[in-house]
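# Examination of the molecular architecture
Here is how the chains run, residue by residue.
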Amino acid sequence: MKKVVKFGGSSLADAKQVAKACQLIKADKTRQYVIPSAPGKRFEQDQKVTDMLINCYQLASSKQDFLGQLAQVKGRFQAIIKGLKLDLSLEEDFSQIKQHLNQKPQFDYVASRGEYLNGKILAAYLKFDFIDPYEYIFFNEDGYLNSYKTQKNMARRLSQSQFAVIPGFYGQAKDGQVKTFSRGGSDITGSIVAAACEADIYENWTDVSGFLVADPKIVAHPVPIKTITYRELRELSYMGASVLHEAAIFPVRSKGIPINIKNTNKPDDDGTWIVESTARKTDYIITGIAGKKGFCSLTVTKDLMNSEIGFCRRALQAFEDCNLSIEHMPSGIDTMTVVVHEDEFLDKEQAVVTRLHRLTNPDSIEIEADLALIAVVGRGMKDQLGTAARLFSALAKEHINIKMIDQGSSELNIIIAVAERDFENAIRAIYQTFVK
Ligand code: ASP
């Protein structure tokens, strides 16, 4: 059995949390490879070290004094070292960072130092090898991960260390500079390492006991999700449910490695298992509900549209010409609706309308703003009679008007659009109907 464990920023925010994480690592000899984030917030108003470093970068690149902010970053790390009673000096690392900031600062290099330094501390405390991902995680010229080169090099390196700490969040760009993933990207590093060493489990330790069926800011005390498939998770994360970085499932998915989301502060909780496929039944027909506000719909109407060959292609061309990505496309016999992100759409609105007129010669075009999309996701919905009926009657009972319905043929999810003002009530009504 081999496990890769990733600890998020809140799990490593101060010496007490780091000690707790290291105790968990030491308690299980199969926890061989550790991926740390930078120290996160210790309390609500606190700052994440990554944000403090980004601030240093911003001050330095606008030629302002960054020394005070850098001293605060140093203070965070020194407090951890002191709290752990470690004999480790980061003086040289900080003078290098200072020198870098004084010359021509590079954003990704500066932002990545939180993980780098935290990794050094953990490696020293655990007495594990330290592996700098700069040498083993590679990006292509287009900025995307070079999976092939990364997997090959990382696998070779890991085979030489039985126990190691590999800082999260960054690797090497094609031009030799440090390059980070997008925010929260240490999750991706953990997944890369798990795939490279062919781990049995990728444990992702955070400050919640896994995914919840609905957003706790909307539904009071929602139940946790015990098991979720990669595909269900994709649907939910895309719709805004966030615990794990969206891209983190890809490396492990290709090797069939399950992810277990665990709570550092409640290690005995089962957490959530993210798996490729499972025979386990969900406790409820649905696995989760997630949603987002900020959408617009544009409905094109034209009589006999159904018999006009190429109509949809030409209509979509208008969006492509305006460089707009589309979210959903429900259609009727003489109508076709395209749902887009409002913030991207507003500036281009009239350009899209003009282009649509030229390309499709419609009878009318109607735009509706302030829409929210809600995805009700669940492998348990497949072949289950009456799910849609229950969903729609739950909303009708609350007098919520459904503006659009989109059910994929996989029957894995039903997406509905409602007015933004109905968003929270709709989620609560769906939760109550399917869960309690
Ligand atoms: N420290 C980085 C961030 O705050 C990356 C991570 O924690 O995964 O986004």
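Residues numbered from 1 in each chain as written. Predicted model: local features only at pLDDT ≥ 70, side-chain atom pairs only at ≥ 80, totals over all residues. Heavy atoms only, no water.

The name given to the protein in an unreviewed UniProt entry is Aspartokinase, with the source organism recorded as Ligilactobacillus ruminis. Regarding the protein, the relevant UniProt record gives this comment under Function (unreviewed entry): "Catalyzes the phosphorylation of the beta-carboxyl group of aspartic acid with ATP to yield 4-phospho-L-aspartate, which is involved in the branched biosynthetic pathway leading to the biosynthesis of amino acids threonine, isoleucine and methionine." According to UniProt, the comment filed for the protein under the heading Sequence similarities (unreviewed entry) is "Belongs to the aspartokinase family." (UniProt positions renumbered as here; feature names shortened; annotations may be inferred.)

### Details of a positive patch on the surface
On the surface, a cluster of positive charge is made up of Lys149, Lys152, Arg156 and Lys174. Along the polypeptide, Lys174 turns up in the loop between strand E5 (170-172) and strand E6 (178-180). Assessed through its relative accessible area of 58%, Lys174 is described here as exposed. (Patch = residues over 30% accessible without salt bridge, like charges linked within 9 Å, V, L, I, M, F, W, Y side chains within 5 Å. Areas by Shrake-Rupley, 256 points an atom, 1.4 Å probe, with all protein chains shown as cover. Salt bridge = Lys/Arg side-chain N within 4 Å of Asp/Glu carboxyl O. Lys, Arg positive; Asp, Glu negative; His and termini not counted. Charge placed at Lys NZ, Arg CZ, Asp CG, Glu CD. Helix = DSSP H or I, 4+ residues; strand = E, 2+ residues; numbered from the N terminus. Buried < 20%, exposed > 50% of the residue type's maximum accessible area, 1.4 Å probe, protein only.)

### As for the sheet that holds strand E14 (residues 404-407)
The strand order across the open sheet formed by 5 strands is E12-E11-E13-E15-E14, and the pairing between neighbours is antiparallel. Edge strands, defined here as strands with exactly one partner in the open sheet, are strand E12 (335-341) and E14. Looking at each pair of strands side by side, their axes are set apart by 35 degrees on average, direction ignored. In the sheet, strand E11 (residues 288-301) pairs with strand E13 (residues 364-377) via 11 bridges, with the strands oriented antiparallel. The residue of E13 that forms the bridge with Ser297 is Glu368. The strands touched by helix H10 (residues 311-321) are E11 and E12; relative to E12, the strand with the most contacts, the crossing angle is about 25 degrees. Across the sheet, helix H13 (residues 387-397) is in contact with E13, E14 and strand E15 (413-419); its angle to E15 comes to roughly 15 degrees. (Pairing = 2+ DSSP bridges. Axes fitted to C-alpha atoms, helices over the stretch in contact; angles between N-to-C directions. Contact = heavy atoms within 4.5 Å.)

### A few points about unusual backbone geometry
Unusually for a residue other than glycine, His221 sits at a positive phi of about 45 degrees. In this structure, His221 sits in the loop between strand E7 (201-206) and strand E8 (227-229). Backbone geometry places Asn361, a non-glycine residue, at a positive phi of 50 degrees. In this fold, Asn361 is placed in the loop between helix H12 (349-360) and E13. Judged by its relative accessible area of 55%, Asn361 is exposed.

### Structural notes on the sheet that holds strand E2 (residues 31-36)
Strands sit in the order E3-E4-E2-E1-E7-E9-E10-E8 across an open sheet of 8 strands; the sheet is mixed. The open sheet has two edge strands, strand E3 (129-130) and E8, and neither has a second partner. Strand direction decides the pairing type here: E3 and strand E4 (residues 164-165), joined by 2 bridges, are parallel. Residue pairing in the sheet places Phe130 in a bridge with Val165 of E4. With respect to the sheet, helix H8 (residues 230-238) is in contact with E8 and strand E10 (272-275), its orientation differing from that of E8 by roughly 85 degrees.

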